Amino acid sequence: TRVRGAVASWIRCLKPGGSLIIECPDFNAVLEWYLREHTLLSKQWIFGDDSREGQNHQWGFGKNELMDVVMTTPYRVDAYFAEPQDYHKAQGPCLRIEVIKNEL
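Keep in mind the model is a prediction, meaning the values are calculated, not measured.

Draft legend 1. Examining the nonpolar core more closely. Ranked by size, the top nonpolar core spans 14 residues in total, and within it Val-7, Ile-11, Leu-20, Leu-66, Val-70, Ile-97 and Val-99 carry the most contacts. When contributions to this core are tallied by element, the ones reaching two or more residues are helix H1 (2-13), strand E1 (19-25), helix H4 (63-71) and strand E3 (94-101). In this structure, Val-70 is in contact with Val-7, Ile-11, Val-77, Ala-79, Ile-97 and Val-99, ignoring residues within four places of it in sequence. Counting residues in hydrophobic clusters, the runner-up holds five residues, among them Val-30, Trp-33, Ile-46 and Cys-94.

Draft legend 2. The arrangement of the pattern of salt bridges in detail. This structure, assessed with the given rule, holds four salt bridges. Taking the shortest distance from any N to any O, the salt bridge between Arg-4 and Asp-68 comes out at 2.7 Å. In this pair, Arg-4 sits in helix H1 while Asp-68 sits in helix H4, placing the two residues 64 residues apart along the sequence. Relative accessible area serves as the criterion here: at 32%, Arg-4 is assigned to the partly exposed category. Here Arg-96 and Glu-23 are joined by a salt bridge, their closest N and O atoms 2.5 Å apart. Of this pair, Arg-96 sits in strand E3 while Glu-23 sits in strand E1; the two residues are 73 residues apart in sequence, bridging distant segments of the chain.

Draft legend 3. Molecular detail of H4. For H4, the set of buried residues is Leu-66, Val-69 and Val-70. Looking straight down H4, one finds its buried side chains confined to an arc of 95 degrees; they lie on one side. Looking at the buried positions of H4, the neighbouring elements they touch are H1, E1, strand E2 (77-82) and E3.

Draft legend 4. A look at the packing of helix H2 (residues 27-37) against helix H3 (residues 40-47). The interhelical angle for the contact between H2 and H3, taken along N-to-C directions, is 150 degrees, at an axis separation of 9 Å. When the interaxial angle is binned, H2 and H3 end up roughly antiparallel. Judged by the sense of rotation from one axis to the other, the crossing of H2 with H3 is left-handed. Along the contact surface, H2 presents Phe-27, Val-30, Leu-31, Trp-33 and Tyr-34, while H3 presents Leu-41, Ser-42, Lys-43, Trp-45 and Ile-46. For the contact of H2 with H3, the residue count by class is eight nonpolar, one polar and one charged.

Criteria and cut-off values
- Residues numbered from 1 in each chain as written.
- Predicted model: local features only at pLDDT ≥ 70, side-chain atom pairs only at ≥ 80, totals over all residues.
- Heavy atoms only, no water.
- Core = buried A, V, L, I, M, F, W, Y, C linked by side-chain atoms within 4.5 Å.
- Buried < 20%, exposed > 50% of the residue type's maximum accessible area, 1.4 Å probe, protein only.
- Helix = DSSP H or I, 4+ residues; strand = E, 2+ residues; numbered from the N terminus.
- Contact = heavy atoms within 4.5 Å.
- Salt bridge = Lys/Arg side-chain N within 4 Å of Asp/Glu carboxyl O.
- Arc of directions from axis to C-beta.
- Axes fitted to C-alpha atoms, helices over the stretch in contact; angles between N-to-C directions.
- Parallel < 35°, antiparallel > 145°, perpendicular 65-115°, else oblique.
- Left-handed = near helix turned anticlockwise from the far one by under 90°.
- Nonpolar A, V, L, I, M, F, W, Y, C, P; charged D, E, K, R; others polar.

Right, dumping it as C-alpha cells:
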C-alpha cells in the first residue's frame, strides 16, 4: 500500500540511530467515540476535515496496524508508543509511535 511504501521510504532516509515520529488519529478509539457520541467532530476524525486541501484521511490505524506497518519494512527498527505531543491530542484520540533505525 501507499502507506507502507511511504513509511519504508522515510525509514530508508534515516541514518542508523535516527528517529521517525508518526502521530495520527487512533482509528479504533475514534470509532468508539463516534458510536458513543455521534458528533460532527468525531466524524471529522474518521474522514478528515475539508477545511484545507489534503486534509482528509485515506486510511485509519489502531495501535496494532500502525506497529505492523512500521515493523514490516525491510529495515531493522525499534518502535514504541508514546504520549502524543501535538495539538490534536486535545481534540480527540490519537497515537504517537517513535521509530529508531538500527545499525545494518
